[in-house]
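# Chains, contacts and geometry: an overview
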Amino acid sequence: MLFRSGRPAGPYDSLDVLEWTEEVSMRIWQAFCSSNFHPRVNEFYLDYGTIGTAVLYFDEGFAFDVLPIWECYIDEDAWGAVDTLFRKFRLTARQAVQKFDAGNLTEDVRTASEKTPDREFEFIHAVCPSRDLPGSGGSHPFASVWLDSASGKVLDESGYWEFPYMVARWMKCSGEVYGRSPAIEAMPDIKNLHSM
């Protein structure tokens, strides 16, 4: 069968396939528009251009968050793609109760949530290929473990079908993991101005 152009018809020439792809792209567009993607992606690009490495977290509920690079420890797979991220961050007791099952939190955090809800606690989120963390992630390709940093208590353990962190690096030399900022090229002038 020939298509309008005179070439053989391919899988994307079917009207059913074209209607399906149009429907899927509309649903994706609507999901992005109803999410917090647009305000967050601006922060992502600011980090990308100034720091040289930017990290965007997205969960399956289409919620996005730009993470400060100083909280993130990344590693690459054998092909140079980031597939591991450990994040050490702080939450207030109130935020911790909102984020995690209160029964899993330590007594210290639960007590603080009632008496001093603005008191901060440190947590760790580790995401890596499931084969690197045996017994975690279930059947998911990526394991996810949330920990209370002070006690080491596991707060939540699950997995992801896709790596939930988008890590962009402006430029990097061979052997480097973190990106370099375009400001590196202007560093001599910046230092000269500072000394003046």
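So, here's what we can say about the structure. (Residues numbered from 1 in each chain as written. Predicted model: local features only at pLDDT ≥ 70, side-chain atom pairs only at ≥ 80, totals over all residues. Heavy atoms only, no water.)

Okay, the overall build of the chain next. Scanning the chain for helices and strands turns up five helices and eight strands. Counting from the amino terminus, helix and strand elements in the chain follow one another as α-α-β-β-β-β-α-α-β-β-β-β-α. Relative to the 2.2 N^0.38 estimate, which gives 16 Å for 196 residues, the radius of gyration of the chain is 22 Å and therefore markedly larger than a compact globule would have. Seen through its C-alpha atoms, the chain measures out along the principal axes to roughly 75 × 55 × 35 Å. Burial status across the chain gives 32% buried among its 196 residues. Contacts in the chain between residues far apart in sequence, at least 24 positions, make up 48% of those at least 6 positions apart. (Helix = DSSP H or I, 4+ residues; strand = E, 2+ residues; numbered from the N terminus. Rg over C-alpha atoms; globule rule 2.2 N^0.38 Å. Buried < 20%, exposed > 50% of the residue type's maximum accessible area, 1.4 Å probe, protein only. Contact = heavy atoms within 4.5 Å.)

In an α-helix there are 3.6 residues to a turn, and that puts residues three or four apart on one side. Between its first and last C-alpha atoms helix α2 (residues 37-50) spans 20 Å; for 14 residues at 1.5 Å apiece the expected length is 20 Å, and the two agree. Where α2 is concerned, the buried positions are F37, V41, F44 and D47. For α2, the arc enclosing every buried residue in end-on projection is 120°, short of the 170-degree limit, so these residues lie on one face. What points out from α2, more than 90 degrees from its buried face, is the exposed set P39, Y45, L46 and T50. Directly after α2, the chain includes G52, whose backbone phi takes a positive value near 100°. (Expected span 1.5 Å × (residues − 1). Arc of directions from axis to C-beta.)

Attention shifts here to the packing of aromatic side chains. Remark: the centre distance and the inter-plane angle together describe each pair of aromatic rings, the angle taken between the planes. For the structure shown, the criterion picks out 16 aromatic pairs. Taken together, a centroid distance of 5.8 Å and an interplanar angle of 25° make the contact between F32 and F64 stacked. Residue F32 is located in helix α1 (residues 15-33), and its partner F64 is located in strand β2 (residues 64-67); the two are separated by 32 residues in the primary sequence. Assessed through its relative accessible area of 27%, F32 is described here as partly exposed. Note on F64: relative accessible area 7%, which makes it buried. With centroids separated by 6.1 Å and ring planes inclined at 35°, the aromatic side chains of F89 and F123 adopt a geometry described as tilted. Residue F89 is found in strand β4 (residues 82-92), and its partner F123 is found in strand β5 (residues 120-129); the two are separated by 34 residues along the sequence. Accessibility assignment for this pair places F89 and F123 in one class, buried. Here the aromatic residues F32, F37, F58, F62 and F64 are joined through ring pairs into a cluster of three or more. Directly above the aromatic system of F89 lies the positively charged group of R87, at a separation of 4.1 Å from the ring centroid. (Phe/Tyr/Trp six-rings, centres within 6.5 Å; stacked < 30°, edge-to-face > 60°. Lys NZ or Arg CZ within 6 Å of the ring centre and 35° of its normal.)

Mapped onto the fold, S144 is located in strand β6 (residues 142-148). A distance of 2.8 Å separates a polar atom in the side chain of S144 from a polar atom in the side chain of H125. (Polar contact = N/O pair within 3.5 Å; in protein donor to acceptor, adjacent residues only side chain to side chain.)

Once that is clear, we can look at the nonpolar core. V55, L85, F123 and Y165 are the most contacted members of the largest nonpolar core, which has 26 residues in total. Take this core: its biggest share by element is four residues, from β4. Aside from chain neighbours lying at most four places away, what touches F123 is R87, K88, F89, L91, A96, F100, L105, L147, D148, S149 and L155. Listed in part, the eight residues of the second largest apolar core include F37, A54, F64 and V66. (Core = buried A, V, L, I, M, F, W, Y, C linked by side-chain atoms within 4.5 Å.)

Looking at the secondary structure, you find R169 in strand β8 (residues 165-169). Within the structure, the side chain of R169 is placed 3.1 Å from the backbone oxygen of G80, a separation counted as a polar contact. A distance of 2.6 Å separates the side chain of R169 from the backbone oxygen of V177, its partner in a polar contact. Aside from chain neighbours lying at most four places away, what touches R169 is Y48, G52, T53, I74, E76, G80, V82, V177, Y178 and G179.

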